[in-house]
Amino acid sequence: MSENNSQSGSVQNPRVTWEGCSVLLDINDGDRLVFARLSAASTLKIGNKSFPLQPLIGCPFGSLFQVENGDNGPYLSRFIPSIEGNNIQEKGDFQSQEISKDNRALVDNNKAQSLTGEDIDTMRRQGATGDEIVDALIANSATFENKTLFSQEKYRLKKQKKYAPKVLLRRPFARSICEAYFKKYPARIGFLRVDTLSLLLSMANVSANSDVLVVDMVGGLLTGAMAERLGGTSYVCSTYLGSTPYPMDVVRIFNFSDEVCKRIVRSPLTELSLSQTGSSEQINQQEDVLNMECLLNHQMPSSVSMEGISPPCENDISDLIPETTVSLVNKKGNSTKAGNKAPQQAIDSWKKNGFSSLIIAAPDLDTWDLIKDLLPLLSNSAPFAIYHQYLQPLATCMHNLQLEKMAIGLQISEPWLREYQVLPSRTHPCMQMNAFGGYILSGTKISSS
Amino acid sequence: MLSIDPTKKISFSRHICEGDLVIVYERHDNMKAVKVSQESVLQNRFGVFKHSDWIGKPFGSKVFSNKGGFIYLLAPTPELWTLVLSHRTQILYIADISFVIMYLEIVPGCLVLESGTGSGSLTTSLARAVAPTGHVYTFDFHEERAASAREDFEKTGISSLVTVGVRDIQGEGFPDEFSGLADSVFLDLPQPWLAIPSAGKMLKPDGVLCSFSPCIEQVQRACDSLRSNFTDLRTFEVLLRTYEVRDEGNLGSLPGKKRQRSSKGSIVLENSSSPIVMARPCSEAKGHTGYLTFARLKCLSL
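The structure contained in this document is the topic of the report that follows. Remember, predicted model here, so these are calculated numbers, not experimental data.

Thresholds applied
Residues numbered from 1 in each chain as written. Chains lettered and ligands numbered in written order. Predicted model: local features only at pLDDT ≥ 70, side-chain atom pairs only at ≥ 80, totals over all residues. Heavy atoms only, no water. Helix = DSSP H or I, 4+ residues; strand = E, 2+ residues; numbered from the N terminus. Contact = heavy atoms within 4.5 Å. Areas by Shrake-Rupley, 256 points an atom, 1.4 Å probe, with all protein chains shown as cover. Buried area = accessible area lost by both parts, 1.4 Å probe. Salt bridge = Lys/Arg side-chain N within 4 Å of Asp/Glu carboxyl O. Polar contact = N/O pair within 3.5 Å; in protein donor to acceptor, adjacent residues only side chain to side chain. Buried < 20%, exposed > 50% of the residue type's maximum accessible area, 1.4 Å probe, protein only. Pairing = 2+ DSSP bridges. Axes fitted to C-alpha atoms, helices over the stretch in contact; angles between N-to-C directions. Left-handed = near helix turned anticlockwise from the far one by under 90°. Phe/Tyr/Trp six-rings, centres within 6.5 Å; stacked < 30°, edge-to-face > 60°. Lys NZ or Arg CZ within 6 Å of the ring centre and 35° of its normal. Expected span 1.5 Å × (residues − 1). Arc of directions from axis to C-beta.

Comments concerning the overall build of chain B
Per the secondary structure count, chain B includes nine helices and 14 strands. Sequence separation of 24 or more characterises 65% of the internal contacts of chain B that already satisfy a separation of 6 or more. Approximately 13100 Å² of chain B is accessible, and the part contributed by carbon and sulfur atoms is 51%.

Have a look at this one:
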């Protein structure tokens, strides 16, 4: 019974921040995303200033912050939006006013704004708020009045972002973590798009009290997302070829309780294999060396090049790199790390009963070789899902699974996701979309006899 | 289908017993849910299958008919259930379902409100996501439909995680007892804007709402009403493209030129162990299911 109680307390991702908790900071409505750990010392850089994150501790997730001027300079202050919303496009009078204005009189000669950079700096020194600067910019714009309502709104937003930035406090969830990485450093999560991730979790039936096996070469995002679905019940077993486990740094960004962390375990494939003998282990170890080399070759350049070509817009290259040097200390002061070695008792149980689901995201390994070894570790009727950025390895794998009669319900699918702009009289698909979310091979293991 | 008791893991290696729900798999596009009963038989184009032959076999087994035809017996999962359930309404499929669960940030222990229940396709996946400690309260204004859904949830073994209520959510809103308690709300209603004010009352601050609508006009009105209390409005369309796979030795229907190449290639094939496998998108696909609009309740409390 006591275990039940502790479980119901730990499953929920808390809705209020605490010291040492991991947060996702959304600056200016998705323009910039930063993962941070809240502490008295941590800071966030906006523009060329550093702001302490201390004021964010103890606030509900979803809170909005803006820059305010205090005695000791600017600081982040909680901002409560009005119920009616700060959106200007309130009623339907857009259509009527809209028709009369257009851009025929607009001359792009860079003379429209009469306020200079020095003027703005002076205002700032005199303690003007960001919103006051934005108002001044609008008042001193010769063209603002002649803009359409839509472009007036666009202008205001653009200036607001620069002079009155807003910071939104987000809960780190599989959803937000995946989206943030996909936006900035897709290579680090193997280009796994959020809808693809959601499909993998469904197709493999990841649910409470199920033992899930994962090959996660996408930084730990998949492992974390699976653990989130298990809520501290049963185990996520992250398996690997060779002697070095794959990194799972992303797991630390989730605010997992100790209970959940304990349920994320690692085990080399050789220890999970049903027919474990000395000789096979030796062979495996030889392969390991090869695999490691191939791993290093693939991973090193990709991470380096990511840094090299990272977008020039902001100097926040390190935003999404989880703090590897900072040890994960939770609020109780003790630290539990995810990814301990799987307990022997659990391994024995898996050998006896089999895993109830499997997800593979291993772009650097041969899919068919891998599934050949992993499928026998599943119980019969267990669903599995394999992610790959390329179609061919999955097609070959599907064909082989069919020939060997190892699985049924085999399907290769490719998700497609389109976002829409929905605004009064201006609804249309977003101008930019991601055109590729990878491929998934899914199926159900059947009894070999 | 789901395990709520932490001492009992989901185990597919479990053996089939009297009274179990099994998914009878003929082909990927031909499945059916069957309740196992000692005396019953299943009859299809492959012959007659006696349930008594199934009992004691593990899930995932191949079983034979009197004529030697065979089928597979699978353990039910929400995905398989979506493929076999009886359609009382239009249902949600895997791509939308998966995206909704992920975007609503549903994890074990959450309290989720849904309306309408419809055929219970999404409800089954919601139940999986909140298990073992959370709960789904789902409402439909159609009394018989709610009753059928209840029967289905009983059959699939998720009834302890789901409560089905008969209520017109557009007209009356969600019951006050859930005020401020819901982690997430899902709406699949013809006029979602009528239910949005109530959904806003039910949600915890920062809680997420999703509205599913097939028509863009519905989305437009829903968004207009969401803007006052919600933030982070996002509308998506999600679809799946499926692929078919063939090996080179099996190209009967391709034009002559390629066929020649394949007949020449077959000599090479004899020696090489891996045939050349090719994939192409299936020509039939769903072009539209619905728009998914998500919004987050503004966080106004201190």
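Overview of the interface of chain A and chain B
With 80 residues of chain A at the contact, the number on the chain B side is 75 residues. Interface area, chain A with chain B, both sides summed: about 6800 Å², of which 57% is carbon and sulfur. Looking at the side of chain A facing chain B, the largest losses of area belong to A:Arg15, A:Arg175 and A:Asn209, adding up to 11% of the total buried there. Put simply, chain A and chain B have six salt bridges between them. At the junction of chain A and chain B, the tally comes to 24 residue pairs in polar contact (both at pLDDT 80 or more). Sorting the residues of the side of chain A that touches chain B by element identifies helix H1 (2-11), helix H6 (174-184), helix H7 (194-203), helix H8 (221-230), helix H14 (391-403), strand E14 (407-421) and strand E16 (439-445) of chain A as the ones contributing at least two each.

Some points on the pairing of strand E6 (residues 70-74) of chain B
All names here are of chain B. Of all the five residues making up E6, four are buried; the element is thus mostly covered by neighbouring parts of the structure. For strand E1 (residues 21-27) and E6, the ladder comprises three bridges, and the chain directions are antiparallel. Its bridge partner lying in E6, Ile23 is registered against Leu74. Here strand E5 (residues 61-64) pairs with E6 via four bridges, running antiparallel. Of the residues in E6, the one forming a bridge with Val63 is Ile71.

As for the packing of helix H3 (residues 117-125) of chain A against helix H4 (residues 130-139) of chain A
All names here are of chain A. It is at 10 Å that the axes of H3 and H4 come closest, and there the two elements cross at 150 degrees. Seen from above, H3 lies across H4 with right-handed handedness. Contacts from Ile120, Met123 and Arg124 in H3 reach Glu132, Ile133, Ala136 and Leu137 in H4.

A look at the pattern of salt bridges
Applying the stated criterion across every chain, the model contains 26 salt bridges over all chains. The salt bridge partner of A:Asp26 is A:Arg170, with a shortest N-O separation of 3.5 Å. In this pair, A:Asp26 sits in strand E1 (residues 22-27) while A:Arg170 sits in strand E7 (residues 166-170), placing the two residues 144 residues apart along the sequence. Here A:Asp26 matches A:Arg170 in class, with each residue buried. Between A:Glu179 and A:Arg175 there is a salt bridge, with its nearest N and O atoms 3.9 Å apart. Here A:Arg175 and A:Glu179 lie together in helix H6, a separation of four residues that amounts to about one turn. For A:Arg175, a relative accessible area of 5% gives the class buried. Within the structure, one salt-bridge network assembled from shared partners comprises A:Asp26, A:Arg170, A:Arg171, A:Arg175, A:Glu179, A:Glu419, B:Glu105, B:Asp206, B:Asp232, B:Arg234 and B:Arg296.

Brief notes about the packing of aromatic side chains
Residues and elements named next belong to chain B. In the structure shown here, the tally under the stated rule is 21 aromatic pairs over all chains. Centroid distance Phe139 to Phe178: 6.4 Å. Interplanar angle 65 degrees. Geometry classified as edge-to-face. Residue Phe139 is located in strand E8 (residues 135-140), and its partner Phe178 is located in the loop between helix H6 (169-172) and strand E10 (182-187); the two are separated by 39 residues in the primary sequence. One exposure class covers both Phe139 and Phe178, and it is buried. Connected via pairs of aromatic rings, a cluster forms that spans Tyr25, Phe64, Phe70 and Tyr72. Looking at Lys62, its charged tip hangs above the ring of Phe70, at a distance of 4.2 Å from the centre. The cationic tip of Lys286 hangs over the ring face of Tyr93; the distance from NZ or CZ to the ring centre is 3.9 Å.

Overview of the environment of A:Glu179
Counting along the chain gives 14 residues from A:Glu179 to A:Arg193, while the straight-line C-alpha distance between them is 7.2 Å. Every residue in contact with A:Glu179, bar those within four places of it in the chain, is listed here: A:Val194, B:Tyr103 and B:Arg234.

Quick look at the sheet that holds strand E2 (residues 30-35) of chain B
Residue and element names in this part refer to chain B. An order of E2-E1-E6-E5 is seen for the four strands of this open sheet, with the pairing classed as antiparallel. In the strand order of this sheet, the two ends are held by E2 and E5, each with one partner. Adjacent strand axes in the sheet meet at a mean angle of 35 degrees, parallel and antiparallel pairs treated alike.

Examining helix H5 (residues 143-155) of chain B
Residues and elements named next belong to chain B. Taking 1.5 Å per residue as the helical rise, H5 with its 13 residues ought to reach 18 Å, and the 19 Å between its terminal C-alpha atoms agrees with that figure. Among all positions in H5, only Arg145, Ala146, Ala149, Asp152 and Phe153 are buried. Projection of H5 onto a plane perpendicular to its axis shows the buried side chains occupying an angular sector of 120 degrees, all on one side. Looking at H5, the residues exposed on the side facing more than 90 degrees away from the buried face are Glu143, Glu144, Glu151 and Glu154. Contact partners of the buried residues in H5: helix H2 (78-84), helix H4 (121-130), E8 and strand E9 (162-166). Following H5 by one or two positions, Gly157 has its phi on the positive side, about 75 degrees.

No statement about biological role is implied by the geometric values presented.
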